[in-house]
Each structure stands twice: as structure tokens, then as C-alpha cells.
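# Summary of structural features
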Amino acid sequence: MQIDIPEVKAEVEAAFDRYEAALVSNDVPVLDELFWESPTTVRFGATENLFGAAEIAAFRAGRSPAGLQREILRRSITTYGRDFATASITFRREGSARVGRQQQSWVRFPEGWRVVAAHVSLIDAPAA
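Only a predicted model underlies this, so the values are computations on that prediction, with no experimental measurement involved.

## Description of the sheet that holds strand β1 (residues 42-44)
Pairing within the open sheet is mixed, and its six strands lie in the order β2-β1-β6-β5-β4-β3. Edge strands, defined here as strands with exactly one partner in the open sheet, are β2 (49-51) and β3 (71-80). When strand polarity is set aside, the average angle formed by the axes of neighbouring strands in this sheet is 10°. Sheet topology places β3 next to strand β4 (residues 84-92); nine bridges connect them, and they run antiparallel. Residue pairing across strands places Arg75 opposite Ile89, the latter belonging to β4. Contacts from helix α1 (residues 6-25) reach β3, β4, β5 (98-109) and β6 (112-124) within the one sheet, and its direction differs from that of β3 by about 145°. Each of β1 and β2 touches helix α3 (residues 53-62); the most contacted strand, β2, lies at about 130° to it.

Written as C-alpha cells, this is what we have:
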């Protein structure tokens, strides 16, 4: 298996960048599009456990658009072959001392790259 095929990695990076832009601007239609429309898609958030695209979409539709801006501290995107990738970031929101962690599993489908599993959590900032 080839890891980080340059053109595949560029595709996933572009999909991730599109997701990030949609997230911080609360572009719900794009966020819904980028999660695989399936009952097996899962998103664990800082305060919620969502099973299936319908639960994820309902969460997105009801989420406040306030305070979504964040600074990405570190990013790692790795592709495995041509159809699977992981995207992991750490981030910080303005005014918060906590560090956020986000991890996503992306799969290439005929309609494009989609998130099939995601996890978001917050931790106290590690000691320097």
C-alpha cells in the first residue's frame, strides 16, 4: 500500500480545507455534504455522540453559529492507498485555555471524499 500519494493527499487536503472553511462559517449544507450520508457514519463531539448522518445533520442544523472560529495549531493528513485517509488537528478557540482535538476518517466515494467517522474533544493545555 502506498502512503501519501501526492495527488491523493492533495485531494484530501483540499476536502479538509473545504470542511474547515464550512465549519468556521457555519455553512451547514457543505458540512452535511462532506459527511457520508449513511446510518453508519459517526461523529463524537465535545458534548454529543451522534450515530448516523441524520443525527449529525440535526446537530448541525441546531448548532449556534457563534464562536466557531479557531486556530489550527497542528495538522496531520495521511492517505492510505487511493481511497482512505485520516485528518487530525489540534486547535484553540479564542479566549479558551483548552486545546481541541479533531480526528476524521475520510473515504473516497463516487461522489467524492467524505467523512465516515469523526471525533472532537477538548483537553487542558499540556504543560510547556
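From this point on, the discussion continues.
## Thoughts on the pairing of β6
Judged from the three bridges that link them, β1 and β6 form a sheet pairing that is parallel. Within β6, the residue paired with Arg43 across the bridge is Ala118. Note: β5 against β6, 12 bridges, orientation antiparallel. Note that in β6 the partner of Gln103 across the bridge is His119. Hairpin connection between β5 and β6: a loop of two residues separates the two successive antiparallel strands.

## Describing the nonpolar core
One finds Phe16, Tyr19, Phe35, Trp106 and Trp113 to be the most contacted residues of the largest nonpolar core, which totals 24 residues. Listing elements by their share of this core, those giving two or more residues are α1, α2 (28-34), β4 and β6. If one sorts the elements of this core by residue count, α1 sits on top with seven residues. Leaving out residues up to four positions away in the same chain, Trp113 has contacts with Val8, Glu11, Val12, Ala15, Leu34, Arg82, Asp83, Phe84, Ala85, Trp106, Val107 and Arg108.

## Here we look at the layout of surface pockets
Regions of empty space are outlined by a rolling probe, equal in size to a water molecule, passed over the atoms. The computed volume of the largest pocket comes to approximately 300 Å³. Along its surface, the largest pocket is lined by 22 residues, and Ala46, Arg63, Phe91, Arg93 and Val120 are the ones closest to its centre. Residue assignment for the lining of the largest pocket shows that the elements contributing at least two residues are α1, α3, β4, β5 and β6. It is β5 that contributes the most residues to the lining of the largest pocket, three residues altogether. The class makeup of the residues in the lining of the largest pocket is nine nonpolar, five polar and eight charged.

## Quick look at the pairing of β5
Two faces belong to every sheet, and in a regular strand the side chains alternate between them. Bridge count between β4 and β5: eight bridges; the pairing is antiparallel. Bridge pairing links Thr86 to Ser105 in β5. Connecting the antiparallel pair β4 and β5 is a turn made up of five residues, with Gly95 showing a positive phi of about 85°.

What counts, and at which threshold
Residues numbered from 1 in each chain as written. Predicted model: local features only at pLDDT ≥ 70, side-chain atom pairs only at ≥ 80, totals over all residues. Heavy atoms only, no water. Pairing = 2+ DSSP bridges. Helix = DSSP H or I, 4+ residues; strand = E, 2+ residues; numbered from the N terminus. Axes fitted to C-alpha atoms, helices over the stretch in contact; angles between N-to-C directions. Contact = heavy atoms within 4.5 Å. Core = buried A, V, L, I, M, F, W, Y, C linked by side-chain atoms within 4.5 Å. Buried < 20%, exposed > 50% of the residue type's maximum accessible area, 1.4 Å probe, protein only. 1 Å grid on protein atoms, 1.4 Å probe; cavity = no way out; pocket = protein on both sides within 12 Å on 5 of 7 lines; lining within 4 Å. Points joined across faces, edges and corners; volume = space filled by probe spheres on them. Nonpolar A, V, L, I, M, F, W, Y, C, P; charged D, E, K, R; others polar.

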